[in-house]
Amino acid sequence: MLNRLGFRSRLLLIVLLALLPLGLLAGLAAANERVASRPLELLLVLLALCWGVACAWWLGDRLMAGAAAAAIAAVADHGTEQQHAEGFALAQEQVLALIAGGASLQQSLDAIVLLIEKRSPGSLCSILLLEGQLLRHGSAPSLPDSYNQAIDGLQIGEGVGACGTAAYRKEAVVVEDTERDPLMQNFRGLLRTYGLRACWSAPVLSGLGEVLATFAVYRRSPGQPQASDLESIATATRLARIALERARAETELVGSEARFRELAENVQDVFYNWDGKTGRIAYVSPHYEKIWGRSCESLYADPNSYMEAVLPEDRYILAHADELTRAGGVSDVEYRIVSADGQIRWIRDNGCGVLDAAGELVRVVGTARDITDRKLADLRLASTNRALEMLSRSCMAINRIDDETGLLAEICRVAVEVGNYRMAWVGYAQDDESRSIVPMAHAGVEDGYLATIRLSWREDQTIGQGPAGRAVRSGKPAQSGDISRSGEQFHWQEEALQRGYRNALCLPLHDGQRSFGVLCLYSDEMLQFLDDEVGLLQELADNLAFGIGSLRARLERSRSQEATRQAALKVHEQASLLDRAQDAIMLRNLDSTLRYWNKGAERMYGWTAEEVLGRTMEDLMYRRPQVLATAMRQTLAGNGDWTGELEEVARDGSVVWLEARWTVVRDEQGQVNGVLCINTDIRERKRAREEILKLNAGLEERVQRRTAQLEFANKQLEAFSYSVSHDLRTPLSTIDGFSNLLEKSLRKAITGPHAERSQHYLTRIRAGVNQMGDLIDAMLSLAQISRAPLQWEPADLSAMATALLGGYQEREPGRQVRVQVEPGLVVQGDPRLLKQVLGNLLGNAWKFSAGTEHTEIAFGHEINAAGETIYFVRDNGAGFDMAYAEKLFDAFQRLHSPSEFPGTGIGLTTVQRIILRHGGRVWGESALGKGATFYFTLGAVKF
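Here the structure is a predicted model, which means the values were calculated and not measured.

Rules and cut-offs
Within any chain, residue numbers begin from 1 and follow the written order of that chain's sequence. Reporting in this predicted model follows two pLDDT cut-offs: at least 70 for local features of residues, and 80 or more for side-chain atom pairs to be given and counted; totals over whole chains, interfaces and linings ignore these cut-offs and use all residues. Hydrogens are left out, water is left out, and the side-chain values use all remaining heavy atoms of the structure. A helix here means a DSSP run of H or I that spans at least four residues, while a strand means a run of E at least two residues long, and both kinds are numbered starting from the N terminus. Exposure classes here rest on a 1.4 Å probe applied to the protein chains alone. A residue is buried below 20% of its type maximum, exposed above 50%, and partly exposed in between. Any two residues whose heavy atoms approach within 4.5 Å at even a single point are treated as in contact. Using a 1.4 Å probe, the Shrake-Rupley method yields the accessible areas, and only the shown protein chains count as cover for residues. In this analysis, strands are considered paired if DSSP registers two or more bridges between them. Buried residues of nine kinds, namely Ala, Val, Leu, Ile, Met, Phe, Trp, Tyr and Cys, make up a nonpolar core once their side-chain atoms join them within 4.5 Å. Lines are fitted to the C-alpha atoms to define the axes, a helix being fitted only along its stretch in contact, and any angle between axes, read from their N-to-C directions, falls within 0 to 180 degrees. What a helix should span is 1.5 Å times the count of its residues minus one. Only Phe, Tyr and Trp rings take part, Trp by its six-membered ring, and two of them pair if their centres are within 6.5 Å. Stacked means planes under 30 degrees apart, edge-to-face means over 60, and tilted covers everything else.

K.L.:
Could you clarify how one ought to interpret the overall build of the chain in this entry?
P.N.:
Within the chain, the regular secondary structure consists of 26 helices and 29 strands. The buried share among the 943 residues of the chain stands at 40%. By sequence separation, contacts in the chain at least 24 residues apart represent 56% of the contacts at least 6 residues apart. Of the accessible surface of the chain, which amounts to about 50,700 Å², a share of 53% is contributed by carbon and sulfur atoms.

K.L.:
Teacher, can you tell me more about the pairing of strand S25 (residues 826-829) here?
P.N.:
A regular strand carries its side chains on alternate faces of the sheet. Side chains Val 827 and Gly 829 of S25 all project onto a buried face; the interleaved residues Val 826 and Gln 828 project onto a face where none is buried. The pairing of strand S23 (residues 793-796) with S25 spans 4 bridges and is antiparallel. Across the sheet, residue Ala 795 finds its bridge partner in S25, namely Val 827.

K.L.:
Just to check I follow, could you spell out the nonpolar core for this structure?
P.N.:
In summary, soluble globular proteins display a tendency toward joint burial of nonpolar side chains. Leu 407 and Leu 509 are the most contacted members of the largest nonpolar core, which totals 36 residues. Those elements that provide at least two residues to this core are helix H12 (372-400), helix H13 (404-417), strand S12 (423-429), strand S13 (436-444), strand S16 (503-511), strand S17 (514-523) and helix H17 (531-580). Examining the composition of this core, we find that 9 residues originate from one element, H17, more than from any other. With 34 residues, the next largest nonpolar core counts Met 800, Leu 825, Val 827 and Val 922 among its residues.

K.L.:
What is the right way to read the sheet that holds strand S26 (residues 855-863) from this model?
P.N.:
By definition, the strands of a sheet pair up through backbone hydrogen bonds, in either a parallel or an antiparallel sense. Reading across the sheet, the 5 strands line up as S24-S26-S27-S29-S28 and stay open at both edges, with mixed pairing between neighbours. Of all the strands in the sheet, just strand S24 (817-821) and strand S28 (922-926) have a single pairing partner and so form its edges. Across the sheet, the mean angle separating the axes of adjacent strands is 15 degrees when strand polarity is ignored. Note that S24 and S26 share 5 bridges and pair parallel. Paired with Arg 818 across the two strands is Glu 856, which belongs to S26.

K.L.:
How should I be thinking about helix H3 (residues 85-100) in this particular structure?
P.N.:
Given 3.6 residues per turn, any residue in an α-helix points the same way as the ones three and four places further on. Between the first and last C-alpha of H3 there are 22 Å, a value that for 16 residues agrees with the 22 Å anticipated at 1.5 Å per step. Counting buried positions over the 16 residues of H3 gives 12, a clear majority of the element. Those residues of H3 not exposed but buried are Phe 88, Ala 89, Ala 91, Gln 92, Glu 93, Gln 94, Val 95, Leu 96, Ala 97, Leu 98, Ile 99 and Ala 100. Of the residues one or two after H3, Gly 102 is the one with positive phi, at around 95 degrees.

K.L.:
Sorry, what's going on with the pairing of strand S18 (residues 584-588) here?
P.N.:
Of all 5 residues in S18, 5 are buried; the element is thus mostly enclosed. Neither face of S18 is open: one carries Ala 584, Met 586 and Arg 588, the other Ile 585 and Leu 587, and all of them are buried. In this sheet, strand S19 (residues 594-597) lies alongside S18 in antiparallel orientation, the contact comprising 3 bridges. Residue pairing for S19: Leu 587 is matched across the bridge by Tyr 596. The antiparallel pairing of S18 with S19 creates a hairpin that spans 5 residues between the two strands, and Ser 592 there sits at a positive phi of about 75 degrees.

K.L.:
Explain the packing of aromatic side chains here, please?
P.N.:
Any pair of aromatic rings gets described here by the distance separating the centres and the angle formed by the planes. Tallied over the full model, the rule gives 14 aromatic pairs. Summarising the aromatic geometry, the rings of Tyr 147 and Tyr 194 are spaced 5.6 Å apart at their centres and angled 70 degrees between planes, so their arrangement reads as edge-to-face. One end of the pair, Tyr 147, is in helix H5 (residues 145-151); the other, Tyr 194, is in the loop between helix H7 (188-193) and strand S5 (198-205), with 47 residues separating them in the sequence. Taken together, a centroid distance of 5.8 Å and an interplanar angle of 55 degrees make the contact between Tyr 428 and Phe 516 tilted. Separated by 88 residues along the polypeptide, Tyr 428 in strand S12 and Phe 516 in strand S17 bring together distant segments of the chain. Each member of the pair, Tyr 428 as well as Phe 516, carries the same accessibility label: buried. Counting every residue linked through ring pairs, the aromatic cluster contains Tyr 147, Tyr 194 and Tyr 218.

Dropping the structure here:
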């Protein structure tokens, strides 16, 4: 069958066979990298590798049977210049078959050299193999052995002959004449001896560009290579590369195969084969007994018995892996078991499900490896790294935070977020009777745990037997590696387990020789805290204790400094205040000498402090020195205070009348050590008093005279009011009466157009009379308001407004009016007059909004920026032009005609008088057609 293949097909097959071990070797190398973790893959790769090598060997042997003799014959007998290209290609095919058939490297290299020499008559070829930095003899059957020995071990480098330079440059080097080319200057004698005048050398490079060897062509006469020579050299280097890489691959394959066999025989993993049909264990390796601590027979008897050792919280992992392998997938999981000796072991399980053609599970094969040591090392490294990170972060927090509560909270937060603890808290040990431990801060999953438990550091109490109490008492870290097994050593076991706490470490906070608190860390794993980790965490706790002490010392120092600063500031402020006082303030010792003299005393008397301190000044300041002694004695003899008037003398000799207020001064022990004298200059007061006495002498007479004038004016005003009420109303009543009789007569006697005109005139007359009467009533009311005394009592403005608006609605039930009255507006004032104010304002709002389809009237209050209470009445009626706002409160000033809105023009004037009498003010704001708002305030003025 092989003979029937074409030339190109046979050539491709031979190359593939030659490179097959290289591919297998690459796969084996990849497997070698994973073999430590996947023994199952190792077995599969070994099987595939052996099959590939066997196939390659068989095919090569078959090819060798028909190709070896042909290759030698072609090399020995058929090398003429007229050799056709097909013959040369056939010779290459035979050399490749020789290589693929497993011929030795020496045979392959000799065949390559002879192939080129036959194609290029007159050429002497050589192959030098690279070993380190040296070129060693490989093949040169046509060159003398003595020459080959002379160049064996040639150094690679620039200028080291054609071959050494070609290997160094990784490119072809052509020496046309060895006698002239400088590359050959060190080898000319040798070359001359053997008659070699030209040398063309090319490096043999691997697929990765690595130098494997050099191929050289020697000629006995100078010259440069022709195109056919270059083609031959390229063919030789290509064939040499294939032969060298195959030889290297076979060498490495043999070594790797031996290493993998040794590894497979000594792997300490558990190999298992589980029958998918019966569910039984077909095979389990003996190492199962060492890892699980259970016999293989027990697993054969009960295939699920291995699950009894798996931690309950990890069993879901195996359930998921079982789903994958039953579906024909591959699982790679890690879980924990409890071995027979009670130790927790980590297992890495690799399983593979094998399905038949129908997709049914045939078996599950896999390996289980004990990775406890690696896992513990990883956990130890991770825990140490976490502890270092916590230590670093806590140091930054201690340097950054200047608040003790904030520092405790931050350390707990760092422990949870960086240390990955489930909960962390800090507590302070109390010196009370129960020696309790009080939690101060916490972070993480607490869920009311700290509020539920009570902790103590008393040794004779059960709540003091836990790690927190032991840590405070001993001053050393205390832990509970497995809270579920701690018994009496962890009193609040059930509460802790409910919140997922499995492990606890308590670290004392030291203050000198005493432990004043504890930092407690809770983990959700049952692993013991490692010594290195505990050491780092205790260093964290020590740093925290130092930080707390520093904060407290800093706080105490700050308080002390602040107290000192405040005291100094207070003294300075007091002295400054005393100096600014107009009074003369001085402090006398018990012997009457002065020890303080303020600026007021300097201004009042004229002496400076330097002139008087340490002296009594009794001869200079008093006309009678015994006055000072008497005042001092009275101050000290009484209850420590004395007040009176003194006559003293200033520096310029002027008399100073003083009001003296003297009091004793005591030291820190409460002993009297001086007298504080505060003297007020009352000279102006005395002069004013004398002036008042003079004025009072004539004041009584002026008051009586003014009172008589006021009484006379009031009587005149009352007489005027009576005159207006009686004298003006009498003619008005007469006009109104006779016009009424005239109207009745005209109705009977006159008919026609004249009757209507007459009736109109009479109506105009009567309206004028009524208006005049209203004006008279308004004037009398205004006069009474200005004259009547105010009755100050609580007045409910909200109730008044509600009653007034209710009355308006009863009189006009057909109007659609929306009323808003703010409740609870109670003020102090005259209820009668305030009701009149609201009557005028609300009446105006009702009247001037009559033309609005939907009337809105509101009464309420607001507070302005100055805190003043302002009351308002607001409507959406006709409004007014603000240009005439100043005339609103003038008597008889109207902004609307009587035909539009009736009225006297006295209402707002009345409102203003009443508000002014109450010490307030009133104003209005409006715009035509947009309603009006009237505001008023109420003061405390009574008149």
